[in-house]
Amino acid sequence: MATCLLDYAFSTAPIPLQANAPGATATSRINLFVANPTPGVLCSQIMVAVPVGTAATDFCLEPPAASVNTGKWTIASFDLVKGDELGLPGDGYAKIIFECRDQTDYGLDYSLVLSLVGVVNSEVGEFSYLIQELSGTSPDDLTPKAGQKTIAKQDTVFTLSNFIATAADRPGAPGTAFANGQPLRLSWESTGTWFEVYAKGSPTPLHSGPATSFDLPGGLTADAQFVLAASVSGDPAADSPSPGYQPIYLYDALTLVVTDPDLTPRSVTAQNVTAQGVTAQTLTAQSVTAQQSLTAASAAVNGPLTAGRTTVTGGLNADSAVISNSLTVVSSMNAANALTAGAISTRMINVLGPGESVSVRGGQLSIDTGDRSGSSVVNTSPANASAWFLNRARAVGPRPTGVASYVSVETDCGFYTNGTVVSGAGSAALTHLPTRDGHRVLTSPLTAEAELHLSGSARLSDGRARVEFDEELAQLVFFAEHAAPYRVLLTPTGRCAGLAVVTKSAGHFEVEELAHGRSGASFDWLVIAAVRADGEARAARRLPERLPEAVPPSER
């Protein structure tokens, strides 16, 4: 086979790769940078293969995970094959095929990095990393070309690296400058087994143990320096060393800067506070009037609070509060009577008085709940709606003007109801997905029945195929009295005489090739099924014939 036309550069983490101690499960990464040194060379596919097993000539114990740095390429297949299928010794190889999505990108005039991550075995040695590219100078004449790289694994070495700080809610973005009180996480990488983190000037560690990260939920109030000590041992506090014993440590240091450090009095306690601006760590007063701004870590006001822009990084308790600009409370806000502000941002608002409880004039109400529930509206009336949002603002640009919910984790629910979501506009749900040319708006189909769509791919064997539903999904498909009132749409993706569904059941369906065909053609399938009304198969979910109309409160 011809030699590769592309250039390949390897990098590993750690450097070099290290064999695991028996029983250890540390992962290692191999990144393969692909470069095109010659104008006119095209490549549509790259296959890489690494040996898998426990021998010195194997890379990792189990098949590694694969990824790529650009959306222009995808992982087309992942198989475990024998070495003789690749012309290499050994029993098992992880064979991964990376494929270019679009012919216009075959020229590789961009960065392409192929990555493998696996748990390295415990045997020191060398293994082969096989590369096979489908390349050439014409998109119609791309042929296989192969190359090979030998990579070494050495004994485990005591290392300490990448001592970094990140914001607790953004662990992938290290930094050295953070806001006052911003929750932080210190983390590091090491083959050590025991770690201690010291703050400058303190003989007592802030953290000690085997974990490779440490949280500072309260953040920092001023610039600080941290020293990390790593060792291959257990807790040294339990040692009783004999003469001549000396532990081995590796050290690293990290200096962090606070962008708005504490430069003000820690606390203000007074009967009444009246000033242009008030700034304190802790504020306790009978009443507070701050004409410009109020900033405090926590505030307790037994009487009324009147201020301009107000920021409380802890909790705020007041009899009543009138904020002419914006109110930001990181923890919780308690008001015995009325609360009025321009824009409100807080984790929790408790307004205990009667009448108008929370009033937002010309601004926005933002509630950051952390890991708690957001807002709860309790209504015992069977005739009236529980909550209303009326907005007469005109849309400016692609921004929502109604009710919007944003979640930081895609598995969290944005809106949830155990009833029916109703739209008076007759529109289906809308979403948008990113493309190279920007976001594209998509919608869901409107159907007259409650339907479940299942899809997949399968292959005939001697002209027949049996397609099993996933066990949990099968419980959602309506099936009664040994009949399967679901539809199966088949699309052959290989040459055959045609396909027919010959058997349907609650858990599977069977396909046969027409004209007594006996091919091994592949095909795609789509099942459209009625949704079960509950966990039983006797009834299908039915849509109501009519939904109630929403009447604005002003028209009641």
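All of these numbers come straight from a predicted model, not from anything done at the bench. (Residues numbered from 1 in each chain as written. Predicted model: local features only at pLDDT ≥ 70, side-chain atom pairs only at ≥ 80, totals over all residues. Heavy atoms only, no water.)

**A word on the pattern of salt bridges**
Pairing between side chains of opposite charge can happen when their charged atoms approach one another. On inspection of all chains with the given rule, the structure shows nine salt bridges. With a closest N to O distance of 3.0 Å, Arg464 and Glu510 form a salt bridge. On the criterion of sequence distance, the pair formed by Arg464 in strand S33 (residues 464–468) and Glu510 in strand S36 (residues 508–513) is long-range, its members being 46 residues apart. Between Glu510 and Arg466 there is a salt bridge whose closest N-O contact spans 3.4 Å. On the criterion of sequence distance, the pair formed by Glu510 in strand S36 and Arg466 in strand S33 is long-range, its members being 44 residues apart. Each of Arg464, Arg466, Glu468, Glu510 and Glu512 takes part in one network of salt bridges that share partners. (Salt bridge = Lys/Arg side-chain N within 4 Å of Asp/Glu carboxyl O. Helix = DSSP H or I, 4+ residues; strand = E, 2+ residues; numbered from the N terminus.)

**Brief notes about the sheet that holds S36**
With antiparallel pairing, the three strands of this open sheet are ordered in space as S33-S36-S35. Two strands bound the open sheet, and with one partner strand each, they are S33 and strand S35 (499–504). Neighbour to neighbour, the strand axes of the sheet diverge by 25 degrees on average, direction disregarded. Judged from the five bridges that link them, S35 and S36 form a sheet pairing that is antiparallel. If you follow Val501 over to S36, its bridge partner there is Val511. (Pairing = 2+ DSSP bridges. Axes fitted to C-alpha atoms, helices over the stretch in contact; angles between N-to-C directions.)

**Observations concerning the packing of aromatic side chains**
The tally for this structure, following the rule as stated, stands at nine aromatic pairs. Judged by centre distance (5.5 Å) and plane angle (75 degrees), the rings of Phe509 and Trp525 are edge-to-face. Taken together, the residues span a long stretch of sequence, with Phe509 in strand S36 and Trp525 in strand S37 (residues 522–530) at a distance of 16 residues. We classify Phe509 as buried; its relative accessible area is 0%. A residue is classified by how much of its surface remains accessible, and Trp525, at 9% relative accessible area, is buried. Chaining the aromatic ring pairs together yields one cluster made of Phe469, Tyr486, Phe509 and Trp525. Positioned over the ring face of Tyr110 is Lys72, at 4.3 Å from the centre of the ring. Above the plane of the ring of Tyr486 lies Lys504, whose end atom (NZ or CZ) is 5.4 Å from the centre. (Phe/Tyr/Trp six-rings, centres within 6.5 Å; stacked < 30°, edge-to-face > 60°. Buried < 20%, exposed > 50% of the residue type's maximum accessible area, 1.4 Å probe, protein only. Lys NZ or Arg CZ within 6 Å of the ring centre and 35° of its normal.)

**As for the sheet that holds strand S13 (residues 174–175)**
Read across the open sheet, the four strands follow the order S13-S12-S15-S18; overall the sheet is antiparallel. Of all the strands in the sheet, just S13 and strand S18 (213–216) have a single pairing partner and so form its edges. The pairing of strand S12 (residues 160–167) with S13 spans two bridges and is classified as antiparallel. Looking at the pairing, Ala165 lines up with Gly175 of S13.

**Focus on the state of the cysteines**
As enumerated under the stated definition, the model contains zero disulfides in all. Here Cys4 is not cross-linked by a disulfide; its sulfur's nearest cysteine counterpart is in Cys43, at 8.6 Å. Overall, Cys4 belongs to the buried group, its relative accessible area being 17%. (Disulfide = S-S within 2.5 Å.)

**Observations concerning the nonpolar core**
Judged by nonpolar contacts, the single largest core of 33 residues is most densely connected at Ile46, Val48, Trp73 and Tyr129. Those elements giving two or more residues to this core turn out to be strand S4 (27–35), strand S5 (42–51), strand S8 (93–100), strand S9 (112–119) and strand S10 (125–136). No other element matches the five residues that S5 contributes to this core. Residues within four places of Trp73 in sequence aside, it is in contact with Cys43, Ser44, Gln45, Ile46, Val68, Phe98, Glu99, Cys100, Arg101, Leu108, Tyr110 and Leu112. Counting residues in each nonpolar core, the second largest holds 21 residues, with Leu460, Val467, Tyr486 and Phe523 among its members. (Core = buried A, V, L, I, M, F, W, Y, C linked by side-chain atoms within 4.5 Å. Contact = heavy atoms within 4.5 Å.)

**Topic: the side chain of Asp58**
By the element assignment, Asp58 lies in the loop between S5 and strand S6 (65–68). Look at Asp58: it is buried, it has no salt bridge, and the nearest opposite charge is Lys153 at 6.9 Å. One polar contact links the side chain of Asp58 to the main-chain amide nitrogen of Thr54, over a distance of 3.3 Å. Non-local contacts of Asp58, meaning those with residues more than four positions away in its chain, are made with Pro51, Val52, Gly53, Asn121, Phe127 and Lys153. (Lys, Arg positive; Asp, Glu negative; His and termini not counted. Polar contact = N/O pair within 3.5 Å; in protein donor to acceptor, adjacent residues only side chain to side chain.)

**Digging into the environment of Ser28**
On the secondary structure map, Ser28 appears in strand S4. As for Ser28 and Phe59, which are separated by 31 residues in sequence, their C-alpha atoms are 9.6 Å apart. With near-sequence residues (within four places) excluded, Ser28 lies in contact with Ala13, Pro14, Leu17, Gln18, Phe59, Leu116, Val117, Gly118 and Val120.

**Observations concerning the pairing of strand S31 (residues 438–443)**
Burial runs low along S31: only zero of the six residues are buried. Two elements, strand S30 (residues 430–435) and S31, share six bridges in a ladder whose sense is antiparallel. Looking at the pairing, Thr435 lines up with Gly438 of S31. Linking S30 to S31, which pair antiparallel, is a turn of two residues.

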